[in-house]
Amino acid sequence: MAKIQERGSQGTKKQDREKGKTMSGKASTQKSRTSGKSSNREFAVITYCFIGLFLCTMGYFAYFQVVKSEDFINNSYNTRQESFADTVVRGKILASDGEVLAETKVDKEGNETREYPYDKMFSHIVGYSTEKYGRAGIESWANFNLLRSNENFLQKTVDEVTEEKSMGDNVVTTLNPLLQEISFRALGDYKGAVITMEPSTGKVLSVVSKPGFDPNTIEEDWDTIVKDEYGESVLVNRATQGLYPPGSTFKILTTLAYVREHPGDYEEYSYSCSGQIQEGNSKLKCFSGEVHGTVNLKQSFSESCNTSFANMGLNMDSDKFAKTCSDLLFNKDLPVEKMDSSKSSFVLNDSSSTSEVMESAIGQGQTLVTPLHMLMITSAVANDGVLMKPYVIDHTETCEGNTVKTYRPQSYGNIMTGEEAALLQEYMSEVVESGTGTKLKGMSYTAAGKTGSAEFGKIKGQSHAWFVGYAHREDKEDIAVAVIVEGAGIGSAYAVPIAKEVFDTYFRY
């Protein structure tokens, strides 16, 4: 019995060993399968990553070709552009109605001369193109477009065979020659700027900056211009690059900041103006010491009461005030297409002195702004809070007039709500109805705006004359304008009449 049991035990052990081998084989097979699945998963992940990277690369390449390639090619540091001039005659720059603003004339010997029919009138916006001193304005921004030829294929073939230059493409702008001429004449002998645009599209209609220069003689005049013996800075486009204290035009922003901070009770605002306000050692007066009496918020705005706005500034949170200014693009690069512009500044904060707070609230102190920036803010008010990006090139075309590329209006977005814009529209309309802009009342169009007299320099009483505003009539697009007349004095006396000439001309034709 013992032996039988031993054999049984040995048989059981043998079976266990065989079973163990089978189990080990199955485990090995299962491990192999698991390892295979893991390898397949890793391979799939790597494959998808490479596919994703490839698609991203192709996507960026397509974006670059469609959106960014022209900017890179047209960069002033790209020396390849100069080689285009060996085979292409520089194209024309045209106004919106087809008037020639710049063109290249070629004589019998093949000598090329860049000519500007309007002399100084478009000097800053159209710019100049020289071999010796480079380019400025549209001549610079659209250099690649002007040196690119999309001329008829057969004609280009003939040009190559005969070793003649092909004709470059033309750049058609949004500029209105009549508005430009009126703005130029209305500014007269004063230094300053006038700039206009359509609030609903961002199309820039005119850009005048004085003093100007004659692009036809820029090379001969260069040394005198650069020497700048009288400090006139004639190469600076004051409309887009000139930085000025905004004066009372800034009350548009102060009003908006106050309404945002007091959404429920701004309509109950009341202030008794005695012609001056004093807080501690800081004193501020209304312009020319005028006494406005008891005023609400709208009356403070329409009568441009300095002491009332200084009072608002003292009762507002500096950080919230700065936030509103930031929302309206202060201390930021302006979203403009193909134009050189300066950055406006607003520096009020919690550590600012009482005097700085009071001055900032009326657009004085360290606050600086460009006419272009004030035009954009005004346009956003007129356009129910939506800011359209200003642009000056409408499209490019071949020398035969066939369209090559069209530039469409682009929205920057809301810089204020529709309700806020409606309130400012109401207040700016009151300026014309009963305030400092009554010279614009009773016209064939409805105007709204804000005047300003911005003190500058160390001599007391010196001030720039400002006006920013817009005009509306059912049969035409709205037009917005910013006017600054350096050192002229009161905005209502010097800037408003210029705006009136612009509006009258725009709605007459």
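Coordinates for the structure precede this section.
Residue indices follow the written sequence of each chain, beginning from 1 at its first position. Confidence filtering applies because this is a predicted model: local features only for residues at pLDDT of at least 70, side-chain atom pairs given and counted only at 80 or more, and all residues used for totals across whole chains, interfaces and linings. Values shown for side chains rest on all heavy atoms present in the structure; no hydrogens or waters enter the calculation.

Participant: Give me the lowdown on the sheet that holds strand β9 (residues 192–197), citing residues and values where you can.
Facilitator: Strand pairing is assigned whenever DSSP identifies at least 2 bridges connecting the two strands. Under the DSSP-based scheme used, a helix requires at least four consecutive residues in state H or I and a strand at least two consecutive residues in state E, with every element numbered from the N terminus. Spatially, the five strands line up as an open sheet ordered β10-β9-β21-β20-β19, and their pairing is antiparallel. Each edge of the open sheet is held by one strand with a lone partner, namely β10 (204–210) and β19 (446–455). Within the sheet, the average angular offset between the axes of one strand and its neighbour, ignoring direction, is 5°. When β9 meets β10, the two strands line up antiparallel, connected through six bridges. Looking at the pairing, Gly 192 lines up with Lys 210 of β10. Whether two residues touch is decided by their heavy atoms; if any such pair falls within 4.5 Å, the residues are in contact. Fitted lines through C-alpha atoms serve as axes, helices being fitted only where they are in contact, and the angles separating the N-to-C directions of these axes extend from 0 to 180 degrees. Most of the contacts of helix α7 (residues 177–187) go to β10, to which it runs at about 30°, and overall it touches β9, β10 and β21 (476–485).

Participant: Hey, could you go over a nonpolar patch on the surface for me, with residue numbers and the actual values?
Facilitator: Patches in this entry comprise residues that are over 30% relatively accessible and not in a salt bridge; like charges within 9 Å are linked, as are nonpolar side chains (Val, Leu, Ile, Met, Phe, Trp, Tyr) within 5 Å. Per-residue and other accessible areas were derived by the Shrake-Rupley procedure at a 1.4 Å probe size, with only the shown protein chains allowed to occlude residues. Any carboxyl oxygen of Asp or Glu that lies within 4 Å of a side-chain nitrogen of Lys or Arg is treated as forming a salt bridge with it. A contiguous nonpolar patch, built from Tyr 48, Ile 51, Phe 54, Leu 55 and Met 58 and spanning about 570 Å² of accessible area, is present on the exposed surface. When you line up the elements, Phe 54 lands in helix α1 (residues 2–73). We call a residue buried when its accessible area falls under 20% of the maximum for its residue type, exposed when it is over 50%, and partly exposed in between, using a 1.4 Å probe and counting protein chains only. On the basis of relative accessible area, Phe 54 is assigned to the exposed category, the value being 52%.

Participant: Tell me what's going on with the nonpolar core, and back it up with residues and numbers.
Facilitator: Residues belong to a common nonpolar core when they are buried Ala, Val, Leu, Ile, Met, Phe, Trp, Tyr or Cys residues joined through side-chain atoms within 4.5 Å. Judged by nonpolar contacts, the single largest core of 92 residues is most densely connected at Ile 125, Ile 138 and Val 392. With eight residues, the top contributor of residues to this core is helix α14 (residues 371–382). Core analysis: the next-biggest nonpolar cluster, separate from the first, contains 26 residues, Val 432, Ala 465, Val 496 and Phe 503 among them.

Participant: For the layout of surface pockets, give the residues involved together with the corresponding values.
Facilitator: Only protein atoms enter the 1 Å grid, on which a cavity is a set of points fitting a 1.4 Å probe that cannot get out and a pocket is an open set with protein on both sides within 12 Å along at least 5 of 7 lines, lining residues being those with an atom within 4 Å of a point. Grid points are joined across faces, edges and corners, and a volume is the space filled by probe spheres set on the points. The calculated volume of the largest pocket comes to roughly 850 Å³. Considering the residues around the largest pocket, the lining is formed by 38 residues, among which Lys 285, Cys 286, Phe 287, Asn 306 and Glu 455 are closest to the centre. Those elements that provide at least two residues to the lining of the largest pocket are β13 (282–285), α13 (354–361), β19 and α16 (491–508). Of the residues assigned to the lining of the largest pocket, the class counts are nine nonpolar, 21 polar and eight charged. Residues are grouped as follows: Ala, Val, Leu, Ile, Met, Phe, Trp, Tyr, Cys and Pro are nonpolar; Asp, Glu, Lys and Arg are charged; all remaining types, including Gly, are polar.

Participant: Give me the lowdown on unusual backbone geometry, citing residues and values where you can.
Facilitator: Residue Pro 211 follows Lys 210 across a cis peptide bond; omega there is 0°. Secondary-structure assignment places Pro 211 in the loop between β10 and α8 (218–227). With phi around 50°, Ser 233 is a residue other than glycine that occupies positive phi space. Tracing the chain through its elements places Ser 233 in the loop between α8 and α9 (251–261). If you check the backbone angles, Lys 338 has positive phi at about 65° while not being a glycine. Along the polypeptide, Lys 338 turns up in the loop between α12 (318–327) and α13.

Participant: Tell me what's going on with the packing of aromatic side chains, and back it up with residues and numbers.
Facilitator: Paired rings are identified among Phe, Tyr and Trp, the last through its six-membered ring, by centres lying within 6.5 Å, and are further divided according to the angle between planes into stacked (under 30 degrees), edge-to-face (over 60) and tilted (the rest). The final tally for this structure, using the stated rule, is 15 aromatic pairs. Measuring from centroid to centroid gives 5.8 Å for Tyr 128 and Phe 213, while their planes differ by 80°, and the two rings are edge-to-face. You can see Tyr 128 sitting in strand β5 (residues 128–130) and its partner Phe 213 sitting in the loop between β10 and α8, a full 85 residues away along the chain. An identical accessibility class is assigned to Tyr 128 and Phe 213; each is buried. Between Phe 250 and Phe 321, the ring centres sit 6.2 Å apart and the planes meet at 40°, which makes this aromatic pair tilted. Pair noted here: Phe 250 is in the loop between α8 and α9 and Phe 321 is in helix α12, with a separation of 71 residues, a long-range link. Residue classification places Phe 250 among the buried residues on the basis of a relative accessible area of 0%. By the ring-pair criterion, three or more aromatic residues cluster together here, those being Tyr 128, Tyr 133, Phe 213 and Trp 222. Seen from the ring of Phe 184, Lys 210 lies directly overhead, with NZ or CZ sitting 4.0 Å from the centre. In this arrangement the basic side chain of Lys 450 is found over the ring face of Phe 301, its NZ or CZ atom lying 5.7 Å from the centre. Only when the NZ atom of a Lys or the CZ atom of an Arg is both within 6 Å of the ring centre and within 35 degrees of the ring normal do we say a charge sits over the ring.

From the geometry alone we can't say anything about function, so treat these as descriptive.
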